[in-house]
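Spelled out from the first residue to the last, the chains are:
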Amino acid sequence: REAAFFVDNVLHLAPGPGDPTGPVPGPVAGMVCAWVITAFCIVQGPKTMSWVVYVTMPLPIICLAVLIGRAATLPGAGAGIDYYLNGSPLNPNPLANPRLWSAALEQIFFSLSVAFGIMPTYGSYVPRAKSILRNGLVVAISNSAVSFLAGFCVFGALGFLADRSGLTMDELLASNSAGGGGLAFITFPAILATLPDARNFFAAVFFLMLFTLGLDSAFSLVEAVAAIVKDHLPRRVRAEYVAPALCALLLLCGLPFTTPSGLYYVDIVDWYVTKLALIVGLVEVVAFAWFFGDAGLAGGQRFREQVVALQEEAKGMLGTASDAVAFTYVVLLKFVTAPLLLVAVAVALESAFSQPVYGLPLGWQMVGGVWLILGVAIIVGMAFVPYTPFNGREAHEERKGGSVAVRL
C-alpha cells in the first residue's frame, strides 16, 4: 500500500528510463522550494545556515529513537535484527566479499563528505587553533555510532514488512522498497502508520526532518563551490550573486530527476558518482603521502627527507609534539590507507561496469558513467595545469568564527 502510493501518486513512476513525459509538478515544487531556501540561507551567511543545524542535529536522533522503539515491538522485527547482526543463511560470510567493503567505503565517504571539497571549505571557517584531530574523531565516531543504531531501526522495520508480506528477508531486500528512496518513503512510513497515537504528528515531524536534512546537504554542496568562486571573484563582481546563480543552475540540472523516469536517473547517477569520490580520495592521499614537500619524489627528494617533512606537517595537523604519533600517522597514510584505497577503487570500478543498474543497456548506463569518466578526466587534466598559489588568509579571516552546517 505504501509502495503503491509513493510510486503511483507521488512519483508517477514510469516503467523505465526514457519516458517522454515532462516533470511531475509535486517533485518540481518541492525542489524549487528547497533551492530557494538554500540560496537565501547561504546569502545570509553561516549564522543563518547554523539555525538549520539546530533542527537537523537533534531531530534525527528523536525520530530514530521513536522508530527504534516502535519497530522493536512489531512482529517480525526480531528476525530482521537477527539478519542485521548475523547475515543471511544464503550468504554466511558476506564480509569476504570485497564489493561489500568497497560499497561501505563509498557510503562513509558520502556521509562524511570526504573528497567532495566540503570539509576543506568548512575547515576554513574554523579558527586555526582548533584541533583537526579532535573534530575529525568526533564527527567520524558520531557518524558511525548513529549509523549502527539506525541499523536496528532499519532491519527491525524490514523484518516487520517481510513478516507482513510473507516474504523472506532476502526476497524483501531484492525489492525497491528495501533501500534508498524506498527506505525513507515506504519502509519508515509503514512503521509510523502502526503507531497507536499521534501517528500524523510523528509523520509530519519525520518528513520535516527529511526536508531539513536535504537542505543541510544542499548547503554543504553549494557552499563548497561558492566559497571557492567567491574567493577568486574580481572585486567588481558582487559575491552574494554566486550562491543564487549556483542554485539556479542546479535547479535546472535537477529537472530531469523530477520526470516519471527520474528515480531511475537518480539511481544510475548515484551508482557511478559515489565511486568518483573514492578516486578523488585516492588521488588526494597519494599526492599528500608520497609527493608532499617542496620538490617531492618527482623532484628527486630523498625518501627519508620527504618522510621527515611530512612528519612535521602531521604534528601541526594532529596537534601533537610527539614524533612517534606523527610517524605512525605517516606510516599508516603511506602504507595502509593509500594501498587500501587503491584496492577499493579497483573493486568499485569493476563493479560499476560489470553490474549494470536495473540491467539497463550500455547507453543508459553512460548517463551516470559519463560523470565518472568526466571526473577522472578532470583529475588527470589538473596534473598538467600549472599551480598558482592562492593566499587564502584574507578569505579565512572573513569566514572565521562562523558556524556552518554539517551534512548528516
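What you are looking at is a predicted structure, and each value in this text was computed from that prediction instead of being measured.

J.: For the pattern of salt bridges, give the residues involved together with the corresponding values.
T.: By the definition in use, this model includes two salt bridges. Salt-bridge contacts for Arg99 lead to Glu350; the nearest nitrogen and oxygen are separated by 2.7 Å. Linking Arg99 in helix H6 (residues 98-111) with Glu350 in helix H15 (residues 323-354), this pair joins segments that are 251 residues apart in sequence. With relative accessibility at 27%, the residue Arg99 sits in the partly exposed group. Judged by its relative accessible area of 40%, Glu350 is partly exposed.

J.: Requested: an account of unusual backbone geometry, with residues and values cited.
T.: For His12, which is not a glycine, the phi torsion comes out positive at approximately 50°. Within the secondary structure, His12 is located in the loop between helix H1 (2-11) and helix H2 (25-44).

J.: I'd like a description of the packing of aromatic side chains, backed by residues and values.
T.: For the structure shown, the criterion picks out 11 aromatic pairs. Ring geometry for Phe185 against Phe207: centres 6.1 Å apart, planes inclined by 20°, an arrangement best described as stacked. Here the residue Phe185 occupies a position in helix H10 (residues 181-192), and Phe207 occupies one in helix H11 (residues 199-231), the gap between them amounting to 22 residues. Judged by its relative accessible area of 35%, Phe185 is partly exposed.

J.: Explain the nonpolar core residue by residue, including any values.
T.: Proteins that are soluble and globular tend to have nonpolar side chains buried together. If you look at the biggest cluster of nonpolar residues, it comprises 26 residues, and the most contacted ones within it are Leu67 and Phe188. Of all the elements, helix H8 (residues 132-165) adds the most residues to this core, at eight residues. Leaving out residues up to four positions away in the same chain, Leu67 has contacts with Cys153, Phe188, Ile191, Leu192 and Phe206. Within the second largest apolar cluster, 20 residues are counted, among which are Met31, Ile42, Ile118 and Ala243.

J.: Give a detailed account of the confidence of the model for the protein chain, specifying residues and quantitative values.
T.: Taken residue by residue, the protein chain gives an average pLDDT of 78. The fraction at 70 or more is 83%. Confidence, expressed as mean pLDDT per element, reaches its minimum in the protein chain at helix H17 (residues 393-399) with 49 and its maximum at helix H12 (residues 242-254) with 90. Between residues 390-396, whose pLDDT stays under 50, and residues either more than four places distant or in other chains, the model counts eight contacts. Across residues 400-408 the pLDDT falls below 50, and counting only partners more than four positions away or on other chains, this stretch makes 35 contacts in the model.

J.: Now, about the side chain of Ser111: what can you tell me, with residues and values included?
T.: As for its placement among the helices and strands, Ser111 is situated in helix H6. Looking at Ser111, the relative accessible area reads 9%, which means it is buried. One polar contact links the side chain of Ser111 to the main-chain carbonyl oxygen of Ile108, over a distance of 3.3 Å.

J.: For the state of the cysteines, give the residues involved together with the corresponding values.
T.: Evaluated as defined, the whole model comprises zero disulfides. Not part of a disulfide, Cys153 finds its nearest cysteine sulfur in Cys63, a span of 9.8 Å. Look at Cys153 and you get buried, because its relative accessible area is 1%.

J.: Break down the environment of Val146 for me, with residues and values.
T.: Within the secondary structure, Val146 is located in helix H8. Looking at Val146, the relative accessible area reads 35%, which means it is partly exposed. Spatially, the C-alpha atom of Val146 lies 8.2 Å from that of Ile61, the residues being 85 residues apart in sequence. Each residue touching Val146, except ones within four places of it in the same chain, is listed here: Ile61 and Leu64.

J.: Describe helix H5 (residues 77-86), with residues and values.
T.: Along H5, the residues that are buried comprise Ala77, Gly80 and Tyr83. Considered in projection along H5, the buried side chains sweep an arc of 125° and stay on one side of the axis. Along H5, the residues that are exposed and aim more than 90 degrees away from the buried face are Gly78, Ala79 and Asn86. Positive phi appears at Gly87, one or two residues downstream of H5, with a value of about 85°.

J.: Hey, could you go over the environment of Met209 for me, with residue numbers and the actual values?
T.: Mapped onto the elements of the fold, Met209 is located in helix H11. Between the alpha carbons of Met209 and Val55 there is a distance of 7.7 Å; along the sequence they are 154 residues apart. When neighbours within four sequence positions are excluded, Met209 is seen to be in contact with Leu59, Pro60 and Cys63.

Criteria and thresholds
Sequence positions are assigned chain by chain, starting from 1 and proceeding in written order. For a predicted model such as this one, the threshold for reporting local features is a pLDDT of at least 70, and the threshold for listing and counting side-chain atom pairs is 80 or more; totals across whole chains, interfaces and linings nevertheless cover every residue. Hydrogens and water are ignored here; the side-chain numbers use all heavy atoms of the structure. A side-chain nitrogen of Lys or Arg and a carboxyl oxygen of Asp or Glu constitute a salt bridge if their distance falls within 4 Å. Helix and strand assignments come from DSSP, with helices taken as H or I runs of at least 4 residues and strands as E runs of at least 2, each series counted from the N terminus. Buried means the residue's accessible area, taken with a 1.4 Å probe over protein chains only, is under 20% of the maximum for its type, while exposed means over 50%, and partly exposed covers the values in between. Any two of the Phe, Tyr and Trp rings considered here, Trp counted by its six-membered ring, make a pair once their centres fall within 6.5 Å; the pair's planes then place it as stacked at under 30 degrees, edge-to-face at over 60, or tilted in between. By nonpolar core we mean a set of buried residues, namely Ala, Val, Leu, Ile, Met, Phe, Trp, Tyr and Cys, connected to one another through side-chain atoms within 4.5 Å. Contacts between residues were defined by any pair of non-hydrogen atoms, one from each residue, lying within 4.5 Å. Values of pLDDT, ranging from 0 to 100, describe the predictor's confidence in every residue of the model. Polar contacts, as used here, are pairs of N or O atoms within 3.5 Å; protein pairs need one atom able to donate a hydrogen and one able to accept it. Residues neighboring in sequence count only if both atoms are side-chain atoms. Count a disulfide wherever a pair of cysteine sulfur atoms falls within 2.5 Å. For this quantity, the arc is that covered by the directions from the helix axis to the C-beta atoms.

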